[in-house]
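The chain contents come next:
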Amino acid sequence: MKFYLLIHILFCLIILSFNVKAQNQIVADLSQENVEISTDFLGAKILLFGAYDGRKGDDIIVVVTGPKGLATIQKKGNILGVWVNTKKVNYINAPKYLSISSNRDIDKILNQKTQKISEIGLNNLNVRIQPGKPINNEQEWREALTRNMLKSKLWSVNENSVSLIKNSLFRSYLSLPSNVTTGKFEVKILHYRNSKLISKETSNINVSKSGFSAEIYNIAQNYSTLYGILAVLLAVFIGWGTNLVFRKV
Amino acid sequence: MYYHNQTNNYENLMYIYLPIAEQPIHSLVIIGVGLIIGFIMGLVGVGGGFLLTPIMMFLGIPPPVAVASVANQLVAPSVSGVLSHWKRGNVDFKMGTVLLLGGVLGSSIGVILFNFLDKIGQLDLVIKLSYVIFLSLIGSMMFSESLRLILRKRKGKISRGKLHQHNWLHGLPFKTRFRKSKLYISVLLPILIGVIVGVLAAIMGIGGGFIIVPAMIYLLGMPTSLVVGTSLFQIIFVAANTTVLQASQNQTVDIVLATLLLLGSVAGVQIGAKFTNVLKGEHLRLILSTIIILVSLKILTELITIPSDLFSIVIRR
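On a predicted model such as this, the values are computed, not experimentally measured, just so you know.

Caption draft 1: Spotlight on the overall build of chain A. Counting its regular elements, chain A contains 6 helices and 12 strands. Evaluated residue by residue, chain A yields a buried proportion of 30% over its 249 residues.

Structure, rendered in structure tokens:
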């Protein structure tokens, strides 16, 4: 099955690549544009593939950015021997998902300065701190954000994960962990030649809840009191039911 | 969809995505945990929540969801337990009602406090500190009491003594007669106990059995035979109140998690109850108190050892 599909994809791509070669464009497609979080969701692995008008030595970087929102970093301090959260910093537009993939080490593709300007790399993201009290040692907090997001697998850097085939096809797997949030994910495919961006293509992945799990979530959000009462009644019913069953046994 | 990572692994079929906790979990693990906790509950009459909530947090369920869902699951084994005790005439409904009035008030205060602590980022600390303080206190009390009883029985001395000790607590106003428990005490005392237990129940995700049972024995002086059934009776209402409030205030009740847990626990309670005649009460309490002390030491160690990363993250949905 898998083999057939691969052949099929490759065939399509070869045709595509002939068409786009002249226009200096990227053509890309995803194996899945809608990811549904249903009861059996364990994370998703999406195949990104496409064609580009490449030469020997060209590079491809793929950046997937999830919805942005508030992330709070807390720092513990020791109070009377107990480790307590004593300080916090709010990042107001931290991406809740980020994956950076490339065909080789990003440092070899772009120098530090270019990475910074084009906001590529975990440390070059434009995340803002909620205005308020001045923070000393901002760097330390920013590193903590990156470290914790990497640990939760919501952020990732996968160098050498984009396969390039004959300077005209590329392929990469994007993995969404099971704790991924819902929303629109932007997929950016960047084509570099001698550290210069020569073409770019964007595409979207839509992550949403579906089925039973989505319905429960919606009831819990929109009819929360009713949901609570139902949860209690279900428990009462099961408790009473077991008692009947075990009395007979 | 074809290229989706479909490994067709049977193991994967056992995973179920929790809609509120927003993560998949192995369903058999949860049912198994429920079964063991239910067994302890049926055997000793207490010990559902205080072990369950830390286990859920250990499995990676966010503390607010763990606390609220454990409260929800507690309703089922409590209903089931009360029905069995009722049949044997082991429930003092008058005392239970007075306790639950306090309990409902207390758990309402608890949910508000819970919400506030979550907002200021100290919820985790308060949950853990409450566990350390109450578990070590109750654990050591229960341990020494049951050990003394075992040693005394070994020596062959069985002292009868008074029904219970009288102290200043019995001098409070609004004295009421609790026929079933053979007590003539102030209603303020059980109401106050109910309030305190209610607050703790809401914050710690427990029924409060492990606090209320010793309180009923040592502070109220209730007969031991009535204690378990009566405490289960009041736990139903405290847990139900906590569930509805947590659901409406914080949307943290995961009905799927709670249902998986209670499927295990209701069966466990019944099995545990069958073993109560095999094992002696004081021996059970000795074992349980040892577990309680160990759990409290474990949490204490977590609080006082230097964390591997001083920084932690909270991502708001």
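Caption draft 2: Fine view of the packing of helix α2 (residues 27-44) of chain B against helix α10 (residues 255-275) of chain B. Residue and element names in this part refer to chain B. Where α2 meets α10, the closest approach of the two axes is 6 Å, and the angle between their N-to-C directions is 35°. Where α2 crosses over α10, the handedness of that crossing is right-handed. Partitioned by chemical class, the residues of the contact of α2 with α10 number 21 nonpolar, 10 polar and no charged.

Caption draft 3: The confidence of the model for chain B, seen in detail. All names here are of chain B. This prediction gives chain B a mean pLDDT of 83; 90% of its residues lie at or above 70. Low pLDDT (under 50) marks residues 1-8, which in the prediction has 11 contacts with non-local residues, meaning those over four places away or in another chain. With a pTM of 0.80, the predicted complex shows an ipTM of 0.84.

Caption draft 4: Examining the sheet that holds strand β3 (residues 44-52) of chain A more closely. Residue and element names in this part refer to chain A. Across the sheet, 4 strands lie side by side as β1-β3-β10-β9; this open sheet has antiparallel pairing. At either end of the open sheet lies a strand with only one pairing partner, and these are β1 (26-30) and β9 (163-165). Looking at each pair of strands side by side, their axes are set apart by 20° on average, direction ignored. With 5 bridges connecting them, β1 and β3 associate as antiparallel partners. Its bridge partner being in β3, Val27 is matched across the sheet by Ala51.

Caption draft 5: The arrangement of helix α11 (residues 281-304) of chain B in detail. Residues and elements named next belong to chain B. End to end, α11 covers 34 Å across 24 residues, agreeing with the expected 34 Å (1.5 Å per residue, within 8%). Within α11, burial applies to Arg285, Leu288, Ser289, Ile292 and Ser296. Elements that come into contact with the buried residues of α11 comprise α2 and α6 (123-155).

Caption draft 6: Here's a closer look at the environment of Glu282 of chain B. Residues and elements named next belong to chain B. Within the secondary structure, Glu282 is located in helix α11. Using a count of 18 C-beta atoms within 10 Å as the deciding quantity, one classes Glu282 as partly exposed. Sequence separation between Glu282 and Phe116 is 166 residues, and the spatial gap between their C-alpha atoms is 40 Å. Ignoring anything within four residues of it in the chain, the contact list for Glu282 reads Ser146, Leu149 and Ile150.

Caption draft 7: Quick peek at the sheet that holds strand β12 (residues 196-209) of chain A. Residues and elements named next belong to chain A. Spatial ordering of the open sheet is given by β2-β12-β11-β4-β7-β8, a layout of 6 strands whose pairing is mixed. Whereas interior strands pair on both sides, the edge strands pair on one side only; in this sheet they are β2 (34-37) and β8 (155-158). The sheet shows a mean angle of 15° between the axes of neighbouring strands, taken without regard to direction. For β2 and β12, the ladder comprises 4 bridges, and the chain directions are parallel. Looking at β12, one finds that Glu36 is bridged to Ser208.

Caption draft 8: Just helix α5 (residues 93-119) of chain B, in detail. Residue and element names in this part refer to chain B. In this model α5 runs 38 Å from its N-terminal to its C-terminal C-alpha over 27 residues, within 8% of the 39 Å that 1.5 Å per residue would give. Every buried residue of α5 is listed here: Met95, Gly96, Val98, Leu99, Leu100, Gly102, Gly103, Gly106, Ser107, Gly110, Val111 and Phe114. On its buried side, α5 packs onto α6, β3 (175-178), α7 (188-204) and α9 (224-250). Phi turns positive, to about 80°, at Gly121, one or two residues after α5.

Caption draft 9: Structural detail: the domain arrangement of chain A. Residues and elements named next belong to chain A. Considered domain by domain, chain A is made up of domain 1 (2-208) and domain 2 (210-249). Taking only C-alpha atoms into account, the centre of domain 1 sits 39 Å from that of domain 2. Listed per partner, the contact involves 5 residues of domain 1 and 4 residues of domain 2. Split by residue class, the side of domain 1 that touches domain 2 holds 1 nonpolar, 3 polar and 1 charged.

Caption draft 10: Representation of the interface of chain B and chain A. Counting from both sides, the interface comprises 55 residues of chain B and, opposite them, 56 residues of chain A. At the level of elements, β1 (15-18), β2 (23-26), α4 (63-87), α9, α10, α11 and β5 (311-315) of chain B are the ones that each hand at least two residues to the side of chain B that touches chain A. Looking at the side of chain B that touches chain A, the element that brings in the most residues is α4 of chain B, giving 10 residues. A per-class count over the side of chain B that touches chain A returns 34 nonpolar, 17 polar and 4 charged. Where strand β5 (residues 68-79) of chain A and β5 of chain B come together, 5 bridges link them in antiparallel fashion. Paired with Ala71 of chain A across the strands is Ile315 of chain B, a residue of β5 of chain B.

Caption draft 11: Highlighting the packing of α6 of chain B against helix α8 (residues 209-220) of chain B. Residue and element names in this part refer to chain B. Across the interface, α6 lies against α8 with an axial gap of 10 Å and an inter-helix angle of 45°. Here α6 is positioned oblique relative to α8, judged by the angle of their axes. For the pair α6 and α8, the sense of crossing is left-handed. On α8, the residues that touch Phe134, Ile138, Met141 and Met142 of α6 are Phe210, Ile211 and Pro214.

Rules and cut-offs
- Residues numbered from 1 in each chain as written.
- Chains lettered and ligands numbered in written order.
- Predicted model: local features only at pLDDT ≥ 70, side-chain atom pairs only at ≥ 80, totals over all residues.
- Helix = DSSP H or I, 4+ residues; strand = E, 2+ residues; numbered from the N terminus.
- Buried ≥ 20, exposed ≤ 12 C-beta atoms within 10 Å, placed from the backbone.
- Axes fitted to C-alpha atoms, helices over the stretch in contact; angles between N-to-C directions.
- Left-handed = near helix turned anticlockwise from the far one by under 90°.
- Nonpolar A, V, L, I, M, F, W, Y, C, P; charged D, E, K, R; others polar.
- pLDDT = per-residue confidence, 0-100.
- Contact = placed C-beta atoms within 7 Å.
- Pairing = 2+ DSSP bridges.
- Expected span 1.5 Å × (residues − 1).
- Domains from an automatic or database assignment.
- Parallel < 35°, antiparallel > 145°, perpendicular 65-115°, else oblique.

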